[in-house]
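Okay, here's what each chain looks like letter by letter:
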Amino acid sequence: MALDVLIEIADVRPVPVAFWEKLAEAARQMRMESSRRWCEWRAWEVEHGTIRAILTLLGADEGGRQGPFAGDGRLRPLWDIGHRTAAGQQDLDTARLWVEFTPQLGPGGTADVRLAPLRPGRWRHLEPGDVITMHEVRSAAGIAEIIEVLPPRSLGAAGRPGG
């Protein structure tokens, strides 16, 4: 389908936010919910940057989640990314989570993920090799190793940086 080809092209070559927004609208009109969500996600990444990681969920026997979750960006877990309160306690940050290459991830599973922090500036200190902890309740739910941190891209109308 033409939409899939355009998404593949945009994955290889940097494109402006407006391009992803138009693809999202086309997917919405064709009632392609998964493609719409992906295009909206990618528009957000162009504007705010991308954090990719390898996430391993703890098993239910380790205090992790009991069942799988949909990997399409709806889950908004808390993350220990190293911030502390004035009292020295964990100061957790929220980020939406997109699981790459699979529709869901279950207990004990490992997958490449993309993170969309609600407050991106608080995540700028992270770099490849850093390990962060995912929380859904008080205890840890998973461990992620950062594999890539890409800054926001400001693209002009022609799709070139800085335009």
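Here is a short report on the structure shown in this document. (Residues numbered from 1 in each chain as written. Predicted model: local features only at pLDDT ≥ 70, side-chain atom pairs only at ≥ 80, totals over all residues. Heavy atoms only, no water.)

**Structural notes on the packing of aromatic side chains**
Part 1 of the reasoning: Inspection of the entire model under this criterion finds 3 aromatic pairs.
Part 2 of the reasoning: Between W38 and W98 the ring centres are 5.0 Å apart and the planes differ by 50 degrees, which places this aromatic pair in the tilted class. Of this pair, W38 sits in helix α3 (residues 33-48) while W98 sits in strand β4 (residues 93-99); the two residues are 60 residues apart in sequence, bridging distant segments of the chain. Accessibility classification places W38 together with W98 in one group, the buried group.
Part 3 of the reasoning: Clustering of aromatic rings is evident, with ring pairs tying together W38, W41 and W98. (Phe/Tyr/Trp six-rings, centres within 6.5 Å; stacked < 30°, edge-to-face > 60°. Helix = DSSP H or I, 4+ residues; strand = E, 2+ residues; numbered from the N terminus. Buried < 20%, exposed > 50% of the residue type's maximum accessible area, 1.4 Å probe, protein only.)

**A closer look at the nonpolar core**
Part 1 of the reasoning: If you look at the biggest cluster of nonpolar residues, it comprises 22 residues, and the most contacted ones within it are L55, W79, L97, L115, W123, I132 and M134.
Part 2 of the reasoning: Breaking this core down by element, the ones donating at least two residues are β1 (50-57), β4, β6 (110-117), β7 (131-135) and β8 (140-150).
Part 3 of the reasoning: It is β1 that provides the largest number of residues to this core, a total of 4 residues.
Part 4 of the reasoning: If we ignore the near neighbours within four places in the chain, the residues touching L115 are W41, I51, W79, A95, R96, L97, W123 and I132. (Core = buried A, V, L, I, M, F, W, Y, C linked by side-chain atoms within 4.5 Å. Contact = heavy atoms within 4.5 Å.)

**Quick look at helix α2 (residues 17-29)**
Because an α-helix packs 3.6 residues into every turn, residues spaced three or four apart end up facing the same way.
Part 1 of the reasoning: Across its 13 residues, α2 extends 19 Å between first and last C-alpha, which sits within 8% of the 18 Å expected from 1.5 Å per residue.
Part 2 of the reasoning: Residues of α2 that are buried make contact with α1 (2-12) and α3.
Part 3 of the reasoning: R31 sits one or two residues past α2 and shows a positive phi near 60 degrees. (Expected span 1.5 Å × (residues − 1).)

**Comments concerning the pattern of salt bridges**
Part 1 of the reasoning: The full count for this structure, using the stated rule, is 15 salt bridges.
Part 2 of the reasoning: With a shortest N-O distance of 2.6 Å, E40 and R36 are connected by a salt bridge. Here R36 and E40 lie together in helix α3, a separation of 4 residues that amounts to about one turn. (Salt bridge = Lys/Arg side-chain N within 4 Å of Asp/Glu carboxyl O.)

**Structural notes on unusual backbone geometry**
Part 1 of the reasoning: One non-glycine residue, R31, lies in positive phi territory at about 60 degrees.
Part 2 of the reasoning: Along the chain, R31 turns up in the loop between α2 and α3.
Part 3 of the reasoning: Although it is not a glycine, F101 sits at a positive phi angle of roughly 70 degrees.
Part 4 of the reasoning: Summarising the element assignment, F101 is placed in the loop between β4 and β5 (104-105).
Part 5 of the reasoning: Residue classification places F101 among the exposed positions, given a relative accessible area of 78%.

**Observations regarding the packing of α2 against α3**
Part 1 of the reasoning: Interhelical geometry of α2 versus α3 gives an angle of 165 degrees and a closest axis separation of 8 Å. The angle between the axes of α2 and α3 places the two elements in the roughly antiparallel class. Judged by the twist between their axes, the crossing of α2 over α3 is left-handed. Counted together, V17, W20, E21, L23, A24, A27 and R28 of α2 and S35, R36, C39, E40, R42, A43, V46 and E47 of α3 form the full contact between these two elements.
Part 2 of the reasoning: Classifying every residue of the contact of α2 with α3 by side-chain character gives 8 nonpolar, 1 polar and 6 charged. (Axes fitted to C-alpha atoms, helices over the stretch in contact; angles between N-to-C directions. Parallel < 35°, antiparallel > 145°, perpendicular 65-115°, else oblique. Left-handed = near helix turned anticlockwise from the far one by under 90°. Nonpolar A, V, L, I, M, F, W, Y, C, P; charged D, E, K, R; others polar.)

**Description of the side chain of R36**
Part 1 of the reasoning: Here R36 falls in the buried class, since its relative accessible area comes to 14%.
Part 2 of the reasoning: Setting aside chain neighbours within four positions, we find R36 in contact with A24, A27 and R28.

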